[in-house]
Amino acid sequence: MYSLFVFLHVLGVMGFMLSHGGTTVMTFQIQKERDPDRMRTLLDLSGYSWPAFALSFLLLFVSGIIAAFMGRWWGQGWIWVSVAILLGMSIYMGWSSRAHYHKLRKALGMRYFEGSKDHPPIKAASDEEILAVQAKLKPLPMAVLGFGGTLVILWLMMFKPF
Amino acid sequence: MYDVILFLHVASVVGYFLVHGAFASVTFALNRESQPERLQALENILDSTGPWSLGSVLVTVVSGIVLMVMGNWWRDAWPWLSLLILIVIGGVMVIFGGIFLGLRLGTEEMPAKGERWYRTVQWGLRLGSRTPLFLTATGLAALVLILWLMMFKPF
């Protein structure tokens, strides 16, 4: 039974990566675009995968928690560090997305989040304003943190060092 | 050393899925788009992720083969079956994904009726807008099978 939950956990991780891929690549690709309509296409692309993203995150998180109880891992340090890294990454990514990508969505006249509220589209800003918001996007630190954090979690899960 | 290669193998699989996710998202998005500008934005994504996708699958396969030798797994059937499933699913993705992307993006012309490629393209066309769903379902089935073989090493 324990192996089954580890299997589901790994499956959840793979599904999560698969569903997060569109968003990851979008963050880099959108920097190269100058046409507002192309930018909207890329932001839409990220939005389409949201249900699969949420479902796979739920699978990996719940199966991970159950596997940790079944394996009696809660007494060890590596699992707490893994959970802390996962939560830290999720909070930072969520904040960064709201702070930068939803500002761009707003400027492009798309549905956007501000604070904790979902807002309907408003009139699109001028091309100069859109490009000014786009210039502030910094995908590399987010990607390094995201992939680096994932590798650290993978190392902790595989080698259980402490 | 075996553990280091195993870590590299799993990390490259994680990287592959991240990059391949962009491909999957684009195939679904192509069903919703028709304007040339928006199609171009999606095509740019495919162009930019292609080398990363190829690189990560190469690291996955090479590190997997090294692990087979180091762990003496090549005597068992499960790694060979995993490799076979990977090759078959790769072929399905390249052929049907290629036909779908080529025709939707207008980069591939319909072959003439007598050409060998004609019948395969007809199969691809029959799938039509269901192609992304078909590719996702077959891809996920292959993932579940390979993961099960890797984790439980049943034979």
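In case you missed it, the structure is sitting above this.
It should be emphasised that the depicted structure is a prediction, and the values quoted were computed from it without experimental measurement.

K.L.:
Mind showing me how you'd approach the interface of chain B and chain A here?
P.N.:
Many structure descriptions define interface size as the accessible area lost when the parts assemble. Taken together, the contacts link 30 residues of chain B with 27 residues of chain A. At the level of elements, helix 1 (2-30), helix 2 (36-70) and helix 5 (131-152) of chain B are the ones that each hand at least two residues to the side of chain B that touches chain A. Counting residues per element, the side of chain B that touches chain A draws most heavily on helix 1 of chain B, at 15 residues. Counted by class, the side of chain B that touches chain A contains 20 nonpolar, 7 polar and 3 charged residues.

K.L.:
I tried to follow the environment of T150(A) on my own but got confused; where do I start?
P.N.:
Among the structural elements, T150(A) can be located in helix 6 (residues 139-159). Exposure remark for T150(A): the 21 C-beta atoms within 10 Å place this residue in the buried category.

K.L.:
Looking at this structure, how should I read the nonpolar core?
P.N.:
It is characteristic of soluble globular proteins that their nonpolar side chains tend to be buried jointly. M14(A), M17(A), L42(A), V14(B), F17(B) and V26(B) are the most contacted members of the largest nonpolar core, which has 38 residues in total. Counting residues per element, the ones that place at least two in this core are helix 1 (2-32), helix 2 (36-48), helix 3 (50-70) and helix 4 (77-107) of chain A together with helix 1 and helix 2 of chain B. Counting residues per element, this core draws most heavily on helix 1 of chain B, which supplies 14 residues. Not counting the four nearest positions on each side in its chain, M14(A) is found in contact with F17(B) and L143(B). If you look at the next biggest cluster of nonpolar residues, it comprises 5 residues, including F96(B), F100(B), V121(B) and L135(B).

K.L.:
Where do I start with the packing of helix 6 of chain A against helix 1 of chain B in this structure?
P.N.:
The axes of two packed helices give the description: the angle between them and the distance between them. Look at helix 6 of chain A against helix 1 of chain B: their axes get within 11 Å of each other, and the N-to-C directions meet at 140 degrees. Relative to helix 1 of chain B, the element helix 6 of chain A lies oblique. In this structure, helix 6 of chain A meets helix 1 of chain B at a crossing whose hand is right-handed. Facing T150(A), L151(A), L154(A), W155(A) and M158(A) of helix 6 of chain A, the residues of helix 1 of chain B in contact are F7(B), V10(B), A11(B) and V14(B). A per-class count over the contact of helix 6 of chain A with helix 1 of chain B returns 8 nonpolar, 1 polar and no charged.

K.L.:
It is not clear to me how helix 1 of chain B should be interpreted in this structure. Could you clarify?
P.N.:
Each α-helix winds once per 3.6 residues, and so residues spaced three or four apart point in a common direction. A rise of 1.5 Å per residue sets the reference length of helix 1 of chain B, with its 29 residues, at 42 Å; its end C-alpha atoms lie 42 Å apart and thus fit the reference within 8%. Counting buried positions along helix 1 of chain B gives 21 out of 29 residues, so the element sits mostly inside the fold.

K.L.:
Any chance you could explain the packing of helix 1 of chain A against helix 1 of chain B here in plain terms?
P.N.:
Across the interface, helix 1 of chain A lies against helix 1 of chain B with an axial gap of 6 Å and an inter-helix angle of 60 degrees. Looking at the two axes, helix 1 of chain A sits oblique to helix 1 of chain B. Between helix 1 of chain A and helix 1 of chain B the crossing geometry is right-handed. Facing M14(A), M17(A), L18(A), S19(A), H20(A), G21(A), G22(A), T24(A) and V25(A) of helix 1 of chain A, the residues of helix 1 of chain B in contact are V14(B), F17(B), L18(B), V19(B), H20(B), G21(B), A22(B), A24(B) and S25(B). Counted by class, the contact of helix 1 of chain A with helix 1 of chain B contains 10 nonpolar, 8 polar and no charged residues.

About the criteria used
Residues numbered from 1 in each chain as written. Chains lettered and ligands numbered in written order. Predicted model: local features only at pLDDT ≥ 70, side-chain atom pairs only at ≥ 80, totals over all residues. Contact = placed C-beta atoms within 7 Å. Helix = DSSP H or I, 4+ residues; strand = E, 2+ residues; numbered from the N terminus. Nonpolar A, V, L, I, M, F, W, Y, C, P; charged D, E, K, R; others polar. Buried ≥ 20, exposed ≤ 12 C-beta atoms within 10 Å, placed from the backbone. Core = buried A, V, L, I, M, F, W, Y, C linked by C-beta atoms within 7 Å. Axes fitted to C-alpha atoms, helices over the stretch in contact; angles between N-to-C directions. Parallel < 35°, antiparallel > 145°, perpendicular 65-115°, else oblique. Left-handed = near helix turned anticlockwise from the far one by under 90°. Expected span 1.5 Å × (residues − 1).

Honestly, that's just the spatial picture; any functional story needs more than this.
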